[in-house]
Amino acid sequence: MWGLLPLALLQSALLTLGQVTLKISLQQMGTFSWTWRFFAGAFTNLWFAVCGICFGASSLLWMYIVRHYPLSMAYPMISLSYVMGMLAAVLIFHEHVPIVRWIGLALIMTGVVLIVQKG
């Protein structure tokens, strides 16, 4: 059976992929509005569909994780999605990330390492 860390990595990757595909789909749809036209465009957008699939799979995996692992260990592992999200922002969307955010990312990773330690 898989341990918590690989499951949390997969769940975070699915969550991050959902966020990335949501951003891509919203960029293609133009300005948000509460109109039928906007929502028709959303529901016929392939990236929006992929986003929903990723969020759904991530949620199902999260239900498994919460069922089988202590919440005090599982919940902080979601922070891995912040790490993946920032890397996606840089690699996919070519965003500039200031040093203070990289320091925050290092602190998140330190926290994850401490949580997965035995004893």
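Keep in mind that what you see is a predicted model, and the values were worked out from it rather than measured.

Things to note about the overall build of the protein chain
Secondary structure assignment for the protein chain yields 6 helices and 0 strands. Along the three orthogonal principal directions, the C-alpha set of the protein chain runs to about 55 × 35 × 20 Å. Relative to its full complement of 119 residues, the protein chain shows a buried share of 30%. Considering only contacts in the protein chain between residues 6 or more positions apart, those separated by 24 or more positions represent 69%.

Focus: the side chain of Thr-21
Summarising the element assignment, Thr-21 is placed in helix H1 (residues 4-29). Polar contacts involving the side chain of Thr-21 include one to the main-chain amide nitrogen of Cys-51, which spans 3.4 Å. Each residue touching Thr-21, except ones within four places of it in the same chain, is listed here: Trp-47, Val-50 and Cys-51.

Some details on the packing of aromatic side chains
In total, this model carries 7 aromatic pairs according to the counting rule given. Residues Phe-38 and Phe-39 carry aromatic rings whose centres are separated by 5.4 Å and whose planes lie at 90° to one another, so their mutual orientation is edge-to-face. Put simply, the rings of Phe-32, Trp-34, Phe-38 and Phe-39 pair up and form one aromatic cluster. Between Lys-23 and the ring centre of Phe-93, over which it is positioned, the NZ or CZ distance is 5.5 Å.

Some remarks on the UniProt feature "transmembrane region" (unreviewed entry) in the protein chain
With numbering aligned to this structure, UniProt lists the feature "transmembrane region" (unreviewed entry) at residues 46-66, 73-93 and 99-116. End C-alpha to end C-alpha, residues 46-66 measures 30 Å, and it is 100% helix and 0% strand. The distance from the first to the last C-alpha atom of residues 99-116 is 26 Å, and the span holds 100% helix and 0% strand.

Some remarks on the side chain of Ser-25
Mapping Ser-25 onto the fold places it in helix H1. From its side chain, Ser-25 meets the backbone oxygen of Leu-22 in a polar contact 2.8 Å long. In this view, Ser-25 contacts Asn-45, Trp-47 and Phe-48; residues no more than four positions away in its chain are not counted.

A word on the nonpolar core
Among the nonpolar cores identified, the biggest contains 13 residues, and Leu-4, Ile-65 and Met-77 are the most heavily contacted of them. If you list the elements that add at least two residues to this core, you get H1, helix H3 (46-68) and helix H4 (71-77). With 4 residues, the top contributor of residues to this core is H1. Leu-4 has contacts with Ile-65, Tyr-69, Met-73, Ala-74 and Met-77, leaving out every residue within four places of it along the chain.

Describing the UniProt feature "domain: EamA" (unreviewed entry) in the protein chain
If you check UniProt for "domain: EamA" (unreviewed entry), the listed places come out as residues 36-116 in our numbering. The span residues 36-116 is 84% helix and 0% strand, and its two end C-alpha atoms sit 47 Å from each other.

Quick word on helix H5 (residues 80-91)
If you check H5, its first and last C-alpha atoms are 16 Å apart, about what 12 residues at 1.5 Å a residue would give, namely 16 Å. Looking at H5, one finds that the buried residues are Leu-80, Ser-81, Val-83, Met-86, Ala-88 and Ala-89.

Here is what the cut-offs are and how they apply
- Residues numbered from 1 in each chain as written.
- Predicted model: local features only at pLDDT ≥ 70, side-chain atom pairs only at ≥ 80, totals over all residues.
- Heavy atoms only, no water.
- Helix = DSSP H or I, 4+ residues; strand = E, 2+ residues; numbered from the N terminus.
- Buried < 20%, exposed > 50% of the residue type's maximum accessible area, 1.4 Å probe, protein only.
- Contact = heavy atoms within 4.5 Å.
- Polar contact = N/O pair within 3.5 Å; in protein donor to acceptor, adjacent residues only side chain to side chain.
- Phe/Tyr/Trp six-rings, centres within 6.5 Å; stacked < 30°, edge-to-face > 60°.
- Lys NZ or Arg CZ within 6 Å of the ring centre and 35° of its normal.
- UniProt positions renumbered as here; feature names shortened; annotations may be inferred.
- Core = buried A, V, L, I, M, F, W, Y, C linked by side-chain atoms within 4.5 Å.
- Expected span 1.5 Å × (residues − 1).

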